[in-house]
Amino acid sequence: AQSVTQPDIHITVSEGASLELRCNYSYGATPYLFWYVQSPGQGLQLLLKYFSGDTLVQGIKGFEAEFKRSQSSFNLRKPSVHWSDAAEYFCAVDMNSGYSTLTFGKGTMLLVSP
Amino acid sequence: GAVVSQHPSWVICKSGTSVKIECRSLDFQATTMFWYRQFPKQSLMLMATSNEGSKATYEQGVEKDKFLINHASLTLSTLTVTSAHPEDSSFYICSALTSGSYEQFFGPGTRLTVL
């Protein structure tokens, strides 16, 4: 079955340290890929997306993600984490590649320590 | 641009009553809107997809007679939870899509608590 896996339920990172959140998907073709951030009790904000082309994509708030076809991965990275980055992060894929039906991972809660 | 609002942001109701949640695209025309449900500390689960002027398409396991979706205009979709029960308590999030776009814009969500 098609699925999205975020293996880390929560991650704690020191402020100023680098961050990598993992995302793997199971699908025969290359889907459209998204990362969203959700603050407590809020909706989702799009950080970045990948449709095609350059496999390293830049997003808002200093985030970037790299699509690796061979690993079916789309990991999110940030070189230096700020306390305001503490939130829940969701990886999502559009496996119909155009019909816009998103499948979400279970999310990774990011905690930032002083 | 691309702002989606939801109303109300939170609602408390008694068991057996019906609750209507509105989702509006404020600055664009939403040809497609999606309704999601999110349980605490869990991911978003797609409930249904609605296209303006058409009947909604429900995901497997979602009761269409319980969760009534109407998408009567290009800027408004409503979700009505009929005869709500405590197990319907959840965070409901809508998103909107405009024609030719693959990016969904999400509303801020509605917290429903059924007593």
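Structure: see above.
Residues numbered from 1 in each chain as written. Chains lettered and ligands numbered in written order. Predicted model: local features only at pLDDT ≥ 70, side-chain atom pairs only at ≥ 80, totals over all residues. Heavy atoms only, no water.

## What about the interface of chain A and chain B?
Then step 1. At the junction of the two partners, chain A supplies 19 residues and chain B supplies 17 residues.
Then step 2. Surface buried jointly by chain A and chain B totals about 1,400 Å² across both partners, of which 59% is contributed by carbon and sulfur atoms.
Then step 3. Summed over the three residues of chain A that lose the most area to chain B, namely Leu44(A), Ser100(A) and Phe104(A), the buried surface amounts to 31% of that side.
Then step 4. Between chain A and chain B we count 1 salt bridge in total. (Contact = heavy atoms within 4.5 Å. Buried area = accessible area lost by both parts, 1.4 Å probe. Salt bridge = Lys/Arg side-chain N within 4 Å of Asp/Glu carboxyl O.)

## Section: the environment of Tyr58(B)
All names here are of chain B.
Then step 1. Here Tyr58 lies in strand 6 (residues 57-58).
Then step 2. Taking the C-alpha atoms as reference points, Tyr58 and Ala48, separated by 10 residues in sequence, lie 4.2 Å from one another.
Then step 3. Those residues in contact with Tyr58 that lie beyond four places of it in its chain are Met47, Ala48, Lys64, Phe67, Leu68 and Ile69. (Helix = DSSP H or I, 4+ residues; strand = E, 2+ residues; numbered from the N terminus.)

## Notes on unusual backbone geometry
Then step 1. Note the cis peptide between His7(B) and Pro8(B), where omega equals 0 degrees.
Then step 2. With respect to the element layout, Pro8(B) can be found in the loop between strand 1 (4-7) and strand 2 (10-13).
Then step 3. The phi dihedral of Ser72(A) is positive, around 50 degrees, even though this residue is not glycine.
Then step 4. Here Ser72(A) shows up in the loop between strand 8 (64-68) and strand 9 (73-78).

## Looking at the environment of Ser54(B)
Then step 1. In this structure, Ser54(B) sits in the loop between strand 5 (44-51) and strand 6.
Then step 2. Residues Ser54(B) and Asn70(B), spaced 16 residues apart in sequence, show a C-alpha to C-alpha distance of 8.5 Å.

## So, the pairing of strand 5 of chain B
Residues and elements named next belong to chain B.
Then step 1. Counted residue by residue, strand 5 has 6 buried out of 8 residues, so it is predominantly covered.
Then step 2. Sheet topology places strand 4 (residues 32-38) next to strand 5; 7 bridges connect them, and they run antiparallel. Looking at strand 5, one finds that Gln38 is bridged to Leu44.
Then step 3. Connecting the antiparallel pair strand 4 and strand 5 is a turn made up of 5 residues, with Lys41 showing a positive phi of about 60 degrees.
Then step 4. As paired elements, strand 5 and strand 6 share 2 bridges and run antiparallel to each other. Its bridge partner lying in strand 6, Ala48 is registered against Tyr58. (Buried < 20%, exposed > 50% of the residue type's maximum accessible area, 1.4 Å probe, protein only. Pairing = 2+ DSSP bridges.)

## Re the nonpolar core
Then step 1. Ranked by internal contacts, the top residues of the largest apolar core, which has 27 residues, are Trp35(A), Leu48(A), Phe74(A), Leu76(A) and Tyr89(A).
Then step 2. Here the element with the most residues in this core is strand 10 (residues 87-94) of chain A; it accounts for 4 residues.
Then step 3. Ignoring anything within four residues of it in the chain, the contact list for Leu76(A) reads Leu19(A), Glu20(A), Leu21(A), Trp35(A), Leu47(A), Leu48(A), Phe63(A), Glu64(A), Ala65(A) and Tyr89(A).
Then step 4. Counting 23 residues, the second-largest nonpolar core is a separate cluster that includes Val4(B), Val19(B), Ile69(B) and Cys94(B). (Core = buried A, V, L, I, M, F, W, Y, C linked by side-chain atoms within 4.5 Å.)

## Description of the pairing of strand 3 (residues 19-25) of chain B
Residue and element names in this part refer to chain B.
Then step 1. Every second residue of strand 3 is oriented toward a common face, the buried set being Val19, Ile21, Cys23 and Ser25 and the non-buried set Lys20, Glu22 and Arg24.
Then step 2. Pairing between strand 1 and strand 3: 4 bridges, direction antiparallel. Along strand 3, the bridge assignment pairs Val4 with Ser25.
Then step 3. Two elements, strand 3 and strand 8 (residues 76-81), share 6 bridges in a ladder whose sense is antiparallel.

## A word on the state of the cysteines
Then step 1. All told, the structure shown has 2 disulfides over all chains when counted by the stated rule.
Then step 2. The disulfide partner of Cys23(A) is Cys91(A), and the gap between their sulfur atoms is 1.9 Å. Taking the sign of the S-S torsion, -60 degrees for the link of Cys23(A) and Cys91(A), the bridge is left-handed. Here Cys23(A) is found in the loop between strand 3 (19-21) and strand 4 (24-26), whereas its partner Cys91(A) is found in strand 10, with 68 residues between them in sequence.
Then step 3. By relative accessible area, which is 0% here, Cys23(A) ends up buried.
Then step 4. Between the sulfur atoms of Cys23(B) and its disulfide mate Cys94(B) the distance is 2.0 Å. Linking Cys23(B) and Cys94(B), the disulfide has an S-S dihedral of approximately 80 degrees and is accordingly described as right-handed. Here Cys94(B) lies in strand 9 (residues 90-97) and Cys23(B) lies in strand 3, a separation of 71 residues in the sequence. Each member of the pair, Cys23(B) as well as Cys94(B), is classed as buried. (Disulfide = S-S within 2.5 Å.)

Keep in mind these numbers describe shape, not what the thing actually does.
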